[in-house]
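# Structure assessment
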Amino acid sequence: VQLQASGGGLVQAGGSLRLSCAASGRNFIFSIYNMAWFRQAPGKEREFVAAVSGSGGSTYYGDSVKGRFTISRDNAKSTVYLQMNSLKPEDTAVYYCAGDAQLLRAVLVTRPSDYTSWGQGTLVTVSS
């Protein structure tokens, strides 16, 4: 499977951005995989941002983005989104989407090692 992230850019603090991640691949059934967004700032470890279940009915967020970011998905388009509001300079990072390594996992997981099929990343820069 291939994941193509887009939507990053430069925004002022307090602004909003919407990231998209389109999945493609022969025989890949998007809806049976939980999806997640991670981010990585320079010199820091990859950080969990948000995850969504295959159906879209369950979501989970990292503490640093809870209440500001919203993850969603459109299975008909094989796309997962990350709506980011009230952005802060500390949100500056490369954002990656990823698919769960296990199909139909019953719980949403947060470790990078639980995910596979990483996208190439999209840079988000928040200026103060």
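Residues numbered from 1 in each chain as written. Predicted model: local features only at pLDDT ≥ 70, side-chain atom pairs only at ≥ 80, totals over all residues. Heavy atoms only, no water.

The next subject is the sheet that holds strand β8 (residues 79-84). Strand pairing in a sheet is mediated by backbone hydrogen bonds. Such pairs are either parallel or antiparallel. Taken in spatial order, the 4 strands of this open sheet run β1-β3-β8-β7, and their pairing is antiparallel. Sheet topology places β1 (2-6) and β7 (69-74) at the edges, where each strand pairs with a single neighbour. Going across the sheet, the axis of each strand differs from the next one's by a mean of 15°, ignoring polarity. Of the strand pairs in this sheet, strand β3 (residues 17-24) and β8 are connected by 6 bridges, and their pairing is antiparallel. Bridge pairing in β8 places A22 opposite T79. (Pairing = 2+ DSSP bridges. Helix = DSSP H or I, 4+ residues; strand = E, 2+ residues; numbered from the N terminus. Axes fitted to C-alpha atoms, helices over the stretch in contact; angles between N-to-C directions.)

Following the sequence through the fold, D100 ends up in strand β9 (residues 93-100). Overall, the relative accessible area of 1% leaves D100 in the buried class. A polar atom in the side chain of D100 sits 2.9 Å from the backbone nitrogen of Q102. Ignoring anything within four residues of it in the chain, the contact list for D100 reads Y33, N34, R105, V109, D114, Y115 and T116. (Buried < 20%, exposed > 50% of the residue type's maximum accessible area, 1.4 Å probe, protein only. Polar contact = N/O pair within 3.5 Å; in protein donor to acceptor, adjacent residues only side chain to side chain. Contact = heavy atoms within 4.5 Å.)

Think of a disulfide as a covalent bridge from one cysteine sulfur atom to another cysteine sulfur atom. The tally for this structure, following the rule as stated, stands at 1 disulfide. Across a sulfur-sulfur distance of 2.0 Å, C21 and C97 are joined as a disulfide pair. With the S-S bond torsion at 60°, the cross-link from C21 to C97 turns out right-handed. Here the residue C21 occupies a position in strand β3, and C97 occupies one in strand β9, the gap between them amounting to 76 residues. Classification of C21 by relative accessible area gives buried; the value is 0%. (Disulfide = S-S within 2.5 Å.)

Ranked by internal contacts, the top residues of the largest apolar core, which has 27 residues, are W37, V80, L82, M84 and Y95. Looking at this core, the elements that each hand over two or more residues are β1, β3, β4 (35-40), β5 (47-52), β7, β8, β9 and β11 (122-127). Not counting residues within four places of it along the chain, the set of residues in contact with Y95 comprises L19, W37, F38, R39, V49, F69, L82, M84, G121, T122 and V124. Formed by 7 residues, the second largest nonpolar core is a distinct cluster that contains F48, A98, V109 and Y115. (Core = buried A, V, L, I, M, F, W, Y, C linked by side-chain atoms within 4.5 Å.)

Attention now moves to the pairing of β1. Of the two faces of β1, only one is covered, namely that formed by L3 and A5; the face formed by Q2, Q4 and S6 stays uncovered. The pairing of β1 with β3 spans 5 bridges and is antiparallel. Residue S6 lies in a different strand from β3, and its bridge partner there is S20.

To continue, consider the pattern of salt bridges. All chains considered together, the criterion is met by 6 salt bridges. Where R68 meets D91, a salt bridge forms, and the shortest distance between an N and an O atom there is 2.7 Å. Residue R68 is located in the loop between β6 (59-61) and β7, and its partner D91 is located in the loop between β8 and β9; the two are separated by 23 residues in the primary sequence. Linked through salt bridges whose partners overlap, the residues forming this network are R39, E47, R68 and D91. (Salt bridge = Lys/Arg side-chain N within 4 Å of Asp/Glu carboxyl O.)

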